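What follows is each chain in one-letter form.
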Amino acid sequence: MAPVATLILLLPLVGFLWVLMMGTSLKERVIGVAATGVVALSFVLSVVAFFLLLRHSDREMTVHLFNWISVGTLNVPAALLVDPLSITMCLFVTGISALIHLYSIGYMKGEKDVRKFFLYLNLFVFSMLLLVLANNLLVTFVGWEGVGVCSYWLVSYYFYRDSAASAGKKAFLYNRVGDIGLLVAMFLLFHATHTLTYLGVFHAAGTLSPTVATLTVLALLLAATGKSAQIPLFNWLPDAMEGPTPVSALIHAATMVTAGVYLLVRMSPVLAMSPDGRATIAVIGGVTAFVAATIATSQKDIKKVLAFSTVSQIGYMVLAVGVGAYSAAIFLMIAHAFFKALLFLGSGSVIHSLGGEQDLRKMGGLAKYLPLTFPTFLIGWLTISGVPPFAGFFAKGDVLTNVFEHNKPLWVLGVVTAILTAYYMSRLFVLTFRGTERFREVTHGHDPHESPWVMTLPLVVLAVLSVLGGLLDLPWAHGRSLAGFLAPVLGYVPRVAAASTGAQWGLAAVDVAAAVFGLLAAFSIWKDITESSRYESSFLEHVWHWDDLYDATIGRPLTEAAVFSDEVLEPQVIDGAVTGVAVATRNSAEGLRKLQSGFARQYALAMVLGFAVIIVYLVARVH
Amino acid sequence: MNVPAAWYLVLAALLFGVGAFGLLTRRSALIMFMCLELMLNAVNLTFVTFSRSLSDIAGQASVFFVMVVAAAEVTVGLGIVVAVFRQRASTSVDELSELKG
C-alpha cells in the first residue's frame, strides 16, 4: 500500500519536474500527452489503492515518508493518511483531472505557452493530492497553499490582459484571508492537543473545551469560505473565470474549491464538539447557496453563470456539513465534480466553436451545430437541475433530506435555491442551444464547428458519470454504499430522527416539483427573448453590489489611508522630524559660531575669566 | 637674611599679574610669548617658595617639569612665529584669524 499511495502523490510531481527540466525542447503534443499520462496513471493507482483499502481490515493506514519538523513538542512527520475519505477524494480528483488534462490538449492547441499551462496543471494536481492525502494539518496546509498559488498562476494565465491579472490577484488575496483561518485553527489545536496529526487531534478532540472547539470550528469555517468561495469571501471565484476554460473546470468547479468542504469534513470529529460552530456553518452554506443562485439568474456571461452556480452548489455542501450530513456533502461533491466539470467543458466547447465568444446574447440555436456537445450539455443541465434519475437529484436530495431533519428554515431556503438552480440553468441552456441564431456576427457568417475528439471524449465520459453518479449512494442503500464506506472516519453527529420512507418520498417529490417548476418558468420566459431587464435586475447582475460594499468599507478607506500617508504623514511627520533635527542643528550652530572670533587674546580673556569664576567659587566654598 | 615667604608670594603674584596683563593687551606674538614665560616663572616661584617653607622637595621637582615643558613650548611656538612672519611679515596675532567661525 505504501508505495502505491506514495506514487499516487508523486506521479504528477514527476510530470511537473520532467516537463520543467526538458525545457522548450519538447513538442506541445508530447507535453500534453505526458502531463495527461501521469495524472491518468495516478488515477489508475488510486483505483488500486481503493481495492487494497477494501481488503484491509481497519481501513486506515499511515504511510510515513520522513520526519519533517521536530522541535520541542512539535513533531510533524511528512506522512500520508490513507483512509476512505482521502481515497474517495483521490479517486475523483485524479479521475476528473485526467479527463480535463486530455481536454486541454485540444482546447489549448495553438495557445502561446502551452508548456507553462501543463506545468501549472500538474503542479496543481500534486498540491491537491498532497492536501487530501496529508496525515496532518501542516502538510495539508502546504497543499492548501500550493493549490492557491497554482490557481493564481492559472487565473492570470493571460496576464497581458488587465482583467486577468487583477482577477488572479483578487483570487490570491481572498484566499490569503481564508488561510489565516486555517493557521489560527492549527494554533488553537496545537495549543490544546499538542499535536497536528489528524489522528492525534481526533483522539484528543473529546477533551477540547466548548470555547476552544467553537473558535477552532469558526477558524476552519473562515478557511473554508476562502478556498471554497463562500460568503463573505466568494467574489473571487466568478472573477477567476478569466482563466482558460479547462482551468475553470478543473480548479474552480471540480477540485480546488472543494478543498474547504474537504477540510471541514476531515475535521468532523472537532466539528462534532461544537453545535454552535456547526449551526454557523449551516447558515453560511445555506445563505451562500441562495445568494449565489439569485446572482446566477442575471449573469450574461456563460462562464459567470456557471461560476455562481458553483458557489451555490458548494453552499449546499457546506450546508450539509453544518447539519452533520458529512457523507451527503461528499456525495454532492463527487456528483458536482462530474456535472460541473461536464458543464464547464461543454461551455468551453461552445466558446471554442464560437472563437472565444462568451456572451449568452450572442449564442442561440447551437444545438444542431454541436452534435456531441449538445446532448452531453443537456445531461449536465438536467443533472444540476435535480431531475431524476441523474446524479444531482440523488445528491441534492440526500443533502436536503438531512437539512429537513435538522433545520426547517434552511430547508425552505434550500428548496428555493433548487428552484432558482433549475431556472438559471434552463435560461443558460435555452439561450445557448435554442432560439434564434445570434452568433453569425461573431463567426463571420460561418457555421460553428464541433470540437476535436480529445475535447468531446471527456464530455461523453463525464456525461455517463453524471447519469450514473447517483448509484454511489442511493437513498435505499445507505450503509452499503458511499455513506457506509465513509462512516468510520466521520465525526458522529446524533440524528434528530431518521426520516421515514414516506417522508423521504415526500421530500423527493418536493425536490422534483422544485426542479420542474424552475425548468418551466425558465422555458416560458426565455423561449423567445434574449434579455429582459424585468428578469435580470441590475442589482443581481452586479452581485448584490458585494464588491462595491468591500470597495466602500475596505478598499476606499485603505486607499485614503495610503494617500494620507503619502501626502501628509510621510512628507510632514516623518520627513518633518528628520529635517527638523537638521534645521535646529544648523540654526544653533549659526549662533554659536560667532563665539569663534579668531582673536587669540579674546580666547585668553575667556580663559582668565573662567579661571576667575572657578577661583571665586572655590574660595567661596572653603569659607 | 631671612626674607618671609609672603614677600616671595606677593612678588610671584605681581609677576603673574604683569604677565597676564601683557598677554591680554599686547598684539605681538613675541611679546605674548614673553608674557607667558613670565606667568610660568611666577608659578615656579610659588612652587619653590612653598617647597622651602614646607620643607618638601616635591615642589622643586615640579619646577623642573614646568621648565622643561616651557622650553619645549617656546621651541615650537617660536618656530610657528618664524613661519608666520615669513608668510606675512608681521607677528600680530589679531591678523591670524583664518579659522574664525
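From a predicted model like this one, the values you see are computed outputs, not experimental measurements.

Which residues make up the overall build of chain A, and what are the values?
If you tally the helices and strands in chain A, you get 25 helices and two strands. Along the three orthogonal principal directions, the C-alpha set of chain A runs to about 115 × 65 × 55 Å. Classification of the 623 residues of chain A by burial places 51% in the buried group. Long-range contacts, defined here as pairs at least 24 residues apart, represent 82% of the contacts in chain A between residues at least 6 apart.

Report on the overall build of chain B, specifying residues and quantitative values.
The number of helices and strands found in chain B is three helices and zero strands. Each helix and strand of chain B, ordered N terminal to C terminal, gives the series α-α-α. Whereas a compact globule of 101 residues would reach a radius of gyration of roughly 13 Å, chain B reaches 17 Å, over 25% beyond that. Across the 101 residues of chain B, 12% fall into the buried class. The long-range share in chain B, meaning contacts at least 24 apart out of those at least 6 apart in sequence, stands at 48%.

Which residues make up the pairing of strand β1 (residues 61–71) of chain A, and what values do they have?
In the case of a regular strand, side chains alternate between the two sheet surfaces. Residues and elements named next belong to chain A. Counting buried positions along β1 gives zero out of 11 residues, so the element sits mostly on the surface. Where β1 lies against strand β2 (residues 74–82), nine bridges are found, and the strand directions are antiparallel. Bridging from a neighbouring strand, Asn 67 pairs with Pro 77 of β2. Turn length for the β1-β2 hairpin, with the two strands adjacent in sequence and antiparallel, is two residues, and the turn residue Gly 72 shows positive phi of about 55 degrees.

Help me get a handle on the packing of helix α3 (residues 84–107) of chain A against helix α10 (residues 245–254) of chain A, residues and values and all.
Residue and element names in this part refer to chain A. Packing of α3 against α10 leaves a shortest axis separation of 9 Å and a crossing angle of 165 degrees. The orientation of α3 with respect to α10, classified from their angle, is roughly antiparallel. The chirality of how α3 crosses α10 is right-handed. Only Thr 245, Pro 246, Ala 249, Leu 250 and Ala 254 of α10 make contact with α3, whose side of the interface consists of Ile 96, Ser 97, Ile 100, Tyr 103, Ser 104 and Tyr 107.

How would you explain the nonpolar core if you had to name every residue and give the values?
Among soluble globular proteins, nonpolar side chains are generally buried collectively. Residue and element names in this part refer to chain A. Ranked by size, the top nonpolar core spans 207 residues in total, and within it Leu 129, Val 261, Ala 320, Ala 329, Leu 332 and Ala 341 carry the most contacts. The leading source of residues in this core is helix α15 (residues 326–353), at 18 residues. Residues contacting Leu 332, with those up to four places away along its chain left out, are Tyr 316, Met 317, Ala 320, Ala 395, Lys 396 and Val 399.

Pulling in residues and values, what's your account of the environment of Ile 231 of chain A?
Residues and elements named next belong to chain A. Looking at where Ile 231 falls in the secondary structure, it is placed in the loop between α8 (210–227) and α9 (236–239). Note: C-alpha distance between Ile 231 and Lys 368 (137 residues apart in sequence) is 39 Å. Each residue touching Ile 231, except ones within four places of it in the same chain, is listed here: Thr 225, Ile 284, Val 287, Thr 288 and Val 291.

Describe helix α11 (residues 259–266) of chain A, and please don't skip the residues or the numbers.
In terms of burial, α11 of chain A is largely enclosed, as eight of its eight residues are buried. For α11 of chain A, the complete set of buried residues consists of Ala 259, Gly 260, Val 261, Tyr 262, Leu 263, Leu 264, Val 265 and Arg 266 of chain A.

Break down unusual backbone geometry for me, with residues and values.
What is expected of a backbone is that most residues other than glycine have negative phi and most peptide bonds are trans. A cis amide bond, omega 10 degrees, links Ile 231 of chain A with the succeeding residue Pro 232 of chain A. Within the secondary structure layout, Pro 232 of chain A lies in the loop between α8 and α9. Backbone torsion omega between Pro 388 of chain A and Pro 389 of chain A reads 5 degrees, so that peptide bond is classified as cis. If you trace the backbone, Pro 389 of chain A turns up in the loop between α16 (373–385) and α17 (391–406). Within the chain, His 194 of chain A stands out as a residue other than glycine whose phi angle is a positive 60 degrees. Looking at where His 194 of chain A falls in the secondary structure, it is placed in the loop between α6 (162–193) and α7 (198–204). At Ala 89 of chain B, a position not held by glycine, the phi torsion is positive, near 50 degrees. Here Ala 89 of chain B is to be found in the segment after α3 (58–88).

Any details on the confidence of the model for chain B? Residues and values, ideally.
Looking at chain B as a whole, its pLDDT mean stands at 90, while 98% of the residues score no less than 70. Across the predicted assembly, pTM comes out at 0.80 and ipTM at 0.82.

Give a description of the packing of α15 of chain A against helix α20 (residues 453–468) of chain A that names residues and reports values.
Residue and element names in this part refer to chain A. One can describe the packing of α15 onto α20 by two numbers: an axis separation of 9 Å at closest approach and a directional angle of 150 degrees. It follows that α15 is roughly antiparallel to α20 by the angle criterion. Our pair here, α15 against α20, has a crossing hand that is left-handed. Contact residues: Phe 338, Phe 339, Ala 341, Leu 342, Leu 345, Gly 346 and Ser 349 in α15; Met 455, Pro 458, Leu 459, Leu 462, Ala 463, Leu 465 and Ser 466 in α20. Split into classes, the residues belonging to the contact of α15 with α20 amount to 11 nonpolar, three polar and no charged.

Outline α3 of chain B, supporting the account with residue identities and numerical values.
Residue and element names in this part refer to chain B. Helix length check: α3, at 31 residues, gives a terminal C-alpha distance of 45 Å against a target of 45 Å (1.5 Å per residue), a fit within 8%. Of all 31 residues in α3, zero are buried; the element is thus mostly exposed. Looking one or two residues beyond α3, the residue adopting positive phi is Ala 89, at roughly 50 degrees.

Help me get a handle on the environment of Phe 64 of chain B, residues and values and all.
Residues and elements named next belong to chain B. Within the secondary structure, Phe 64 is located in helix α3. Its 11 C-beta neighbours within 10 Å are what place Phe 64 among the exposed residues. A sequence separation of 20 residues divides Phe 64 from Asn 44, and the C-alpha atoms of the two residues are 8.8 Å apart.

Conventions and cut-offs
Residues numbered from 1 in each chain as written. Chains lettered and ligands numbered in written order. Predicted model: local features only at pLDDT ≥ 70, side-chain atom pairs only at ≥ 80, totals over all residues. Helix = DSSP H or I, 4+ residues; strand = E, 2+ residues; numbered from the N terminus. Buried ≥ 20, exposed ≤ 12 C-beta atoms within 10 Å, placed from the backbone. Contact = placed C-beta atoms within 7 Å. Rg over C-alpha atoms; globule rule 2.2 N^0.38 Å. Pairing = 2+ DSSP bridges. Axes fitted to C-alpha atoms, helices over the stretch in contact; angles between N-to-C directions. Parallel < 35°, antiparallel > 145°, perpendicular 65-115°, else oblique. Left-handed = near helix turned anticlockwise from the far one by under 90°. Core = buried A, V, L, I, M, F, W, Y, C linked by C-beta atoms within 7 Å. pLDDT = per-residue confidence, 0-100. Nonpolar A, V, L, I, M, F, W, Y, C, P; charged D, E, K, R; others polar. Expected span 1.5 Å × (residues − 1).

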